[in-house]
2 protein chains.
Amino acid sequence: MAAVTTLVRELGAAVGADHVRAPTAEELEDATRWTGLRGAADAIVTPPDAAGVEAAVRWCYEHDQPITVRGGGTGLSGGAVPDGGVIISTAGLNRIRSLDPEWWRCEVEAGMTTAELQRRVREVGLRFPPDPGAAATSHIGGNLATNAGGPHAFGHGVTRAWVLGVEAVLAPGELVQIGGPTRKDVAGYDLTSLLVGSEGTLGVITAAWLRLVPPPGAEQVVLGLFPGLAAAQEGIAGALTCGAVPVSLELLDGGTLQDAGATLPVEGAAIEWQSLADPTGAVLLTATIEGDLVEATAARGDALVDAWQEAGATWTAVPGPTVAAALAEWRAGISGAVAARRGGKLSEDVAVPTDRVADLLRGSAAIARRHALEHAAWGHAGDGNIHCTFLLDPADPAKVGRAEEAAVELFSLAASLGGTVSGEHGLGRLKSGHLGEQWGPAAVTAHRAIKDALDPKGLFSPGRKVA
Amino acid sequence: MAAVTTLVRELGAAVGADHVRAPTAEELEDATRWTGLRGAADAIVTPPDAAGVEAAVRWCYEHDQPITVRGGGTGLSGGAVPDGGVIISTAGLNRIRSLDPEWWRCEVEAGMTTAELQRRVREVGLRFPPDPGAAATSHIGGNLATNAGGPHAFGHGVTRAWVLGVEAVLAPGELVQIGGPTRKDVAGYDLTSLLVGSEGTLGVITAAWLRLVPPPGAEQVVLGLFPGLAAAQEGIAGALTCGAVPVSLELLDGGTLQDAGATLPVEGAAIEWQSLADPTGAVLLTATIEGDLVEATAARGDALVDAWQEAGATWTAVPGPTVAAALAEWRAGISGAVAARRGGKLSEDVAVPTDRVADLLRGSAAIARRHALEHAAWGHAGDGNIHCTFLLDPADPAKVGRAEEAAVELFSLAASLGGTVSGEHGLGRLKSGHLGEQWGPAAVTAHRAIKDALDPKGLFSPGRKVA
């Protein structure tokens, strides 16, 4: 304990004693507690501003203290769970520095929650399209650090697509500004994109300039129920070729519907699903179409209905705004509903080329069977990014172990299909070191060279992303 | 000559004698000859495939030979003009490896021209939105190397926004694949974005996976003539706030209209411009609006007309498709028309925050006046990316010298407005070393560290981007 006290005192002397203390038990876990990881740290520092982050990093770098950056702690790969050293919390950096609606841009600090940013942007008649889960508690800084996705990434791109520039603290404690309010810039290497998605392993993002856009004038949701994976894959192709040009294209398989299908808030949906010959083999696709005008957008929805019927959908629906809102709320509860079946789950975020979604789901289900695990899968079909999930009882170590083995096989499967071990959660601590499944040795060497060049002491988020 | 012959012979032995020869005079200049640079190189190698590029890079890296990558040679910053060593031409890599219209993607080799790719994509009912100039002769590889922009970058993003993955040869001659057909991937650092825009200084891009989209159903062009810069800046704001949501928002100032205004292919435009109290102070804004349906898109055009009239436009027009096509052709000739006035020009590509466009143009014109140079400016107002141009007679060294001094002042001006020295052309040889105008020392150090990490011998495009 004496050592801890000394560290807290010395770090406090460097960055302000009011901002440094020992971490709470909650701050040593992820906020959802779904990773099961429990870490350790000697101190948590919550700087009030970017200069404070700079001072904290400088102190840590001088004193060889590993740094874990903590935003909302909602990451699903354990990136925010410390492994010794110092936690730098960005919770004190929670302001919008500027919001210029007429110029479609804002500058926001890393510690603002995603939902708060979205609300502030909405209030001035604009939109920040990225919509990762946990928006109410996740921080923009965490969204940037993981290059977070979400359903609308299909049409609007991932977080990175909306970042004009970042303010960050690099080694050995230097506050830098890369990019800014300017929308085009090719003078330097794209260090903004390099920092976005780097999971705190190259520096600490303290603020970002974000691009905004006006919201669409109209939105149409379309649902289609397919009797099996082959038809669903045809449905995905149909959604891309029918002219509807959806901005989200989501999938829920029969395993997921087993836990959530009965409460589907669309009239007739549950009955239609339950009356299928094989409900557990069914697939529900949902799409969102955005457009200028209600009627034209609805017409594109009709085109999608036609395409889905042709692809073999046994039931389709085009709900109005009220039902669509209920559907979005229902969708947000899917992960919890599936986890509730056995008390826990190991849910991944692999992604594959869009034409290989059915192959991924078949393979993932086969892996589950081989390991005697129940299986469910849902996610962002348009981006081929599916949350393949192995159910487990957290109190059953054998099942947990089998799920972890299954996940490793799933990573290999995704890579063999031309995909990635992580489409939107990042590698964090849980998947660290798996990059070699999908990149060749020379590419991994280049990746390592960048880490070593920007973090020569290896103190930024050690053990995340790179093993 | 003996040394050259030896190099050609030895390189030929490594990569195939048929693919190596001494460069022609044209291959030592940029294709447009607008940079005025004339370089030197001992050999040019034109590998037939990516493995050949790998072999060429490996040989050069072993033999300490600087590498210049040459695509279409159309770059405006001299990036393709060699400065000794070996030219690696990507002209032999000109195939589409795959084109999957139903999955909105293709894999294309670096040496295909932009126009050819766009044509092939169009033929299958899709679109590759980036539209940099010189599409008929520029190569996709060059577009990627410079992260090329163009008018539609305002609505659809720059080249990088459309790149899913790249195949590239890194030091010391290793062919790597980063990314691929999968649309979302956060497993590794974003090396794709790092290579895109790196101007051949980190490796040689040999192929890329690109994202495609369906084209819009309708398009509406709108023109607005403004009596001066203040009104034009109001017009830019109006275009962003009126609900029209244009995908391009272009500007031509009075200096540009002096050379091109008389041939404006829109009825009444030339007369309206010439009848202004101060035609040389005028600004023409043009916007493109895309939508599903002709009528709805036209309605958004009408909203933009209203906004522009309120902002002080003295004349507006909403031409039909035939005139819009003529206008696009006319627009493509602007650069040449301005250059023709005095036989030459120094035309930059600085970019500033969108609200500072008028300030940039005022400042740029003032710089021209101080150096006794004629001035014209045009470009991508929505992205704040303006081709500020100093006219010159290439045979008048004093004027050329003054134009170069003026350009350096323009870079400082852009940086002081929160902008960049290069919005879309890249730094190449002409602007190399100017990154420090806009990035602080620590950021430039990080930039340098990445270069050194990936190109330890400094052989990839030496003198480009980093000084």
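Just above, that's the structure.
Heads up: these notes are all about the structure in this document.

Cut-off values and rules
- Think of each chain on its own: its residues are numbered from 1, step by step along the sequence as written.
- For naming, the first written chain is A and the first written ligand is 1, with later ones following in the order written.
- Per-residue local features are limited, in this predicted model, to residues with pLDDT of at least 70; the limit for side-chain atom pairs, both in listing and counting, is 80 or more; totals at the level of whole chains, interfaces and linings are taken over all residues.
- Excluded from the side-chain calculations are hydrogens and water; all other atoms, namely the structure's heavy atoms, are used.
- Here the copies are matched by least squares. The fit uses the C-alpha atoms of residues with pLDDT of at least 70 in both.
- Any two residues whose heavy atoms approach within 4.5 Å are treated as being in contact.
- Among the buried residues, those of types Ala, Val, Leu, Ile, Met, Phe, Trp, Tyr and Cys that are joined through side-chain atoms within 4.5 Å form a nonpolar core.
- Burial status follows relative accessibility: with a 1.4 Å probe on protein chains alone, a residue under 20% of its type maximum counts as buried, one over 50% as exposed, and anything between as partly exposed.
- For Phe, Tyr and Trp, where Trp contributes only its six-membered ring, two rings pair if their centres lie within 6.5 Å, and the inter-plane angle classes them as stacked under 30 degrees, edge-to-face over 60, or tilted in between.
- Runs of E in the DSSP output that reach at least two residues are strands. Runs of H or I that reach at least four are helices, and both are numbered from the N terminus.
- Criterion for a charge above a ring: Arg CZ or Lys NZ at most 6 Å from the ring centre, at most 35 degrees from the ring normal.
- Think of each axis as a best-fit line through the C-alpha atoms, taken over the contacting stretch in the case of a helix, with angles from 0 to 180 degrees between the N-to-C directions.
- When an angle is under 35 degrees it counts as roughly parallel; over 145 it counts as roughly antiparallel; between 65 and 115 it counts as roughly perpendicular; any other value is oblique.
- In this scheme the handedness of a crossing depends on how the near helix is turned from the far one: anticlockwise by less than a right angle means left-handed, clockwise means right-handed.
- The nonpolar class holds Ala, Val, Leu, Ile, Met, Phe, Trp, Tyr, Cys and Pro. Asp, Glu, Lys and Arg form the charged class, and all remaining residues, Gly among them, are polar.
- Salt bridge, as applied in this entry: a Lys or Arg side-chain nitrogen positioned within 4 Å of an Asp or Glu carboxyl oxygen.
- Any two strands are treated as partners once DSSP identifies two or more bridges connecting them.

### Concerning the relation of the copies chain B and chain A
Move 1: In the superposition of chain B on chain A (RMSD 0.0 Å, axial shift 0.0 Å), the rotation amounts to 180 degrees. What the rotation and shift describe, once combined, is the action of a two-fold rotation axis.
Move 2: By residue overlap, the copies meet face to face through one surface: 100% of the interface positions of chain B are interface positions in chain A.

### Here we look at the nonpolar core
Move 1: A:Leu117, A:Trp308, A:Leu360, B:Leu117, B:Trp308 and B:Leu360 are the most contacted members of the largest nonpolar core, which has 168 residues in total.
Move 2: Sequence-distant contacts of A:Leu360, that is, excluding residues within four places in its chain, are made with A:Val350, A:Val352, A:Ile386, A:Cys388, A:Leu410, A:Leu413 and A:Leu417.

### Looking at the packing of aromatic side chains
For any pair of aromatic rings, the description rests on two quantities: the centre-to-centre distance and the angle between the ring planes.
Move 1: For the structure shown, the criterion picks out six aromatic pairs over all chains.
Move 2: Relative to B:Trp104, the ring of A:Phe154 lies with its centre 5.7 Å away and its plane at 15 degrees, an arrangement referred to as stacked. A residue pair is termed interchain when its members come from two chains, as with A:Phe154 in helix α5 (residues 153-156) and B:Trp104 in the loop between β5 (96-100) and β6 (105-109). The pair A:Phe154 / B:Trp104 is uniform in exposure class, with both members buried.
Move 3: Ring centres of B:Tyr61 and B:Phe460 lie 5.9 Å apart, and the angle between their planes is 40 degrees; this geometry places the pair in the tilted category. Placement of B:Tyr61 in helix α2 (residues 50-62) and of B:Phe460 in the segment after α15 (441-454) is noted, with a sequence separation of 399 residues between them. For the pair shown, B:Tyr61 and B:Phe460 are each scored as buried.
Move 4: Against the face of B:Trp162 rests B:Arg211, its NZ or CZ located 4.1 Å from the ring centre.

### A word on unusual backbone geometry
All names here are of chain A.
Move 1: With an omega of -5 degrees, the peptide bond between Ala171 and Pro172 qualifies as cis.
Move 2: Its identity as a non-glycine residue notwithstanding, Ala134 has a phi of 65 degrees, on the positive side.
Move 3: Examined against the element boundaries, Ala134 turns out to sit in the loop between α3 (114-123) and α4 (140-146).
Move 4: Since its relative accessible area comes to 39%, Ala134 is described here as partly exposed.
Move 5: For Asn147, which is not glycine, the phi torsion reads 50 degrees and is therefore positive.
Move 6: Locating Asn147 in the fold gives a position in the loop between α4 and α5.

### Notes on the packing of helix α7 (residues 229-241) of chain A against helix α13 (residues 357-370) of chain A
All names here are of chain A.
Move 1: It is at 9 Å that the axes of α7 and α13 come closest, and there the two elements cross at 150 degrees. When the axes of α7 and α13 are compared, the pair comes out roughly antiparallel. Considering only the axes of α7 and α13, their crossing is right-handed. Each of Leu229, Ala230, Gln233 and Ile236 in α7 lies in contact with α13, whose residues at this interface are Val357, Ala358, Leu361 and Arg362.
Move 2: Each residue belonging to the contact of α7 with α13 can be placed in one class, and the counts come to six nonpolar, one polar and one charged.

### Brief notes about the pattern of salt bridges
Residues and elements named next belong to chain A.
Move 1: Scanning the entire structure with this criterion turns up 62 salt bridges over all chains.
Move 2: Between Glu109 and Arg97 there is a salt bridge whose closest N-O contact spans 3.1 Å. Of this pair, Glu109 sits in strand β6 (residues 105-109) while Arg97 sits in strand β5 (residues 96-100), and the two are 12 residues apart along the sequence.
Move 3: For Arg362, the salt bridge is made with Asp359, and the minimal N-O distance between the two is 3.1 Å. Pair noted here: Arg362 and Asp359 are both in helix α13, with a separation of three residues, about one helical turn.
Move 4: Residue classification places Asp359 among the partly exposed residues on the basis of a relative accessible area of 29%.
Move 5: Each of Arg95, Arg97, Glu107, Glu109 and Glu167 takes part in a single network of salt bridges with overlapping partners.

### Remarks on the packing of helix α15 (residues 441-454) of chain A against α15(B)
Move 1: As a packed pair, α15(A) and α15(B) sit with axes 9 Å apart at the nearest point and diverge in direction by 145 degrees. Between α15(A) and α15(B) the crossing geometry is right-handed. Of α15(B), the residues touching α15(A) (which contributes A:Ala446, A:Ala449, A:Ile450, A:Ala453 and A:Leu454) are B:Ala446, B:Ala449, B:Ile450, B:Ala453 and B:Leu454.
Move 2: Of the residues contributing to the contact of α15(A) with α15(B), the split by class is 10 nonpolar, no polar and no charged.

### Quick word on the sheet that holds strand β14 (residues 344-347) of chain B
Residues and elements named next belong to chain B.
Move 1: Strand order in the open sheet formed by seven strands is β13-β10-β12-β11-β15-β16-β14, and the pairing between neighbours is antiparallel. The open sheet has two free edges, formed respectively by β13 (315-317) and β14, since each of these has just one partner strand. For this sheet the average axis-to-axis angle between neighbouring strands, irrespective of direction, equals 15 degrees.
Move 2: Where strand β11 (residues 248-253) lies against strand β15 (residues 375-380), two bridges are found, and the strand directions are antiparallel.

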